[in-house]
Amino acid sequence: MNYWLVKSEPDAYSWDHFVKQGKAVWDGVRNYQARNNLASMRVGDQVLFYHSVTGKEVVGLARVCCESYPDPTVPDDPRWVVVELEPVTAFPKRVSLQQLKAEPLLQNLALIRQSRLSVVPVSPNEFECILALAHAT
């Protein structure tokens, strides 16, 4: 299993909207590195859902339910792909970017090192650390 983090501006597409839909086609990615990350996702991989711009926090956990296929929003351009995600659970405690940056175990987190990417890998240790922060009392 692999672990990922996807970013979405809550004003454009929030966790609550995602949960109401029950499933989402993760489209519109137009960065080659982020596209390559989408193409590497496998069914069952776990995905952290991050609100960018407003909030700047990890808010929930999703799962890949369909592997990559051509992005239907650009049918004439086969370079771009999508995956399908389904919500798993909202976090009891949202994990802010400030908390992520303050955690020594997360100093190499791609979200911090490559802040412009909308889809980034997360190591198993980073994933467990973020889950622990989300469930801390």
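A. Layout of the overall build of the protein chain. If you tally the helices and strands in the protein chain, you get five helices and six strands. Shown N-terminal to C-terminal, the secondary structure of the protein chain runs as helices and strands in the order β-α-β-α-β-β-β-α-α-β-α. The C-alpha atoms of the protein chain give 14 Å as radius of gyration, which agrees with the globular expectation for 137 residues (14 Å, within 12%). By its C-alpha atoms, the protein chain is 50 × 30 × 30 Å across when sized along the principal axes. Put simply, the protein chain has 137 residues, and 45% of those count as buried. Summarising the internal contacts of the protein chain: among those between residues at least 6 apart in sequence, 67% fall at separations of at least 24. Split by element, the accessible area of the protein chain, about 7100 Å² in all, is 49% carbon and sulfur. Distance between charge centres in the protein chain, computed from 14 positive and 15 negative side chains, equals 5 Å.

B. Structural detail: the pattern of salt bridges. Enumeration over the complete set of coordinates arrives at six salt bridges. E57 is the salt-bridge partner of R94, the closest N and O atoms lying 3.0 Å from each other. Here the residue R94 occupies a position in strand β5 (residues 81-96), and E57 occupies one in strand β4 (residues 57-70), the gap between them amounting to 37 residues.

C. Summary view of the sheet that holds strand β1 (residues 3-8). Strand order in the open sheet made by the six strands is β2-β5-β4-β3-β1-β6, with mixed pairing throughout. Strand pairing shows two members of the sheet lacking a second neighbour, β2 (24-26) and β6 (119-122), which therefore form its edges. Taking the axes of each pair of neighbouring strands and ignoring which way they run, one obtains an average angle of 40° across the sheet. Summarising the sheet, strand β3 (residues 46-51) and β4 pair through six bridges and their orientation is antiparallel.

D. Quick look at the environment of C65. Mapped onto the elements of the fold, C65 is located in strand β4. Assessed through its relative accessible area of 25%, C65 is described here as partly exposed. Between the C-alpha atoms of C65 and A24, which are 41 residues apart in sequence, the distance is 9.5 Å. Here C65 is in contact with K23, V43, E84, L85 and E86, once residues within four sequence places are set aside.

Conventions adopted
- Residues numbered from 1 in each chain as written.
- Predicted model: local features only at pLDDT ≥ 70, side-chain atom pairs only at ≥ 80, totals over all residues.
- Heavy atoms only, no water.
- Helix = DSSP H or I, 4+ residues; strand = E, 2+ residues; numbered from the N terminus.
- Rg over C-alpha atoms; globule rule 2.2 N^0.38 Å.
- Buried < 20%, exposed > 50% of the residue type's maximum accessible area, 1.4 Å probe, protein only.
- Contact = heavy atoms within 4.5 Å.
- Areas by Shrake-Rupley, 256 points an atom, 1.4 Å probe, with all protein chains shown as cover.
- Lys, Arg positive; Asp, Glu negative; His and termini not counted.
- Charge placed at Lys NZ, Arg CZ, Asp CG, Glu CD.
- Salt bridge = Lys/Arg side-chain N within 4 Å of Asp/Glu carboxyl O.
- Pairing = 2+ DSSP bridges.
- Axes fitted to C-alpha atoms, helices over the stretch in contact; angles between N-to-C directions.

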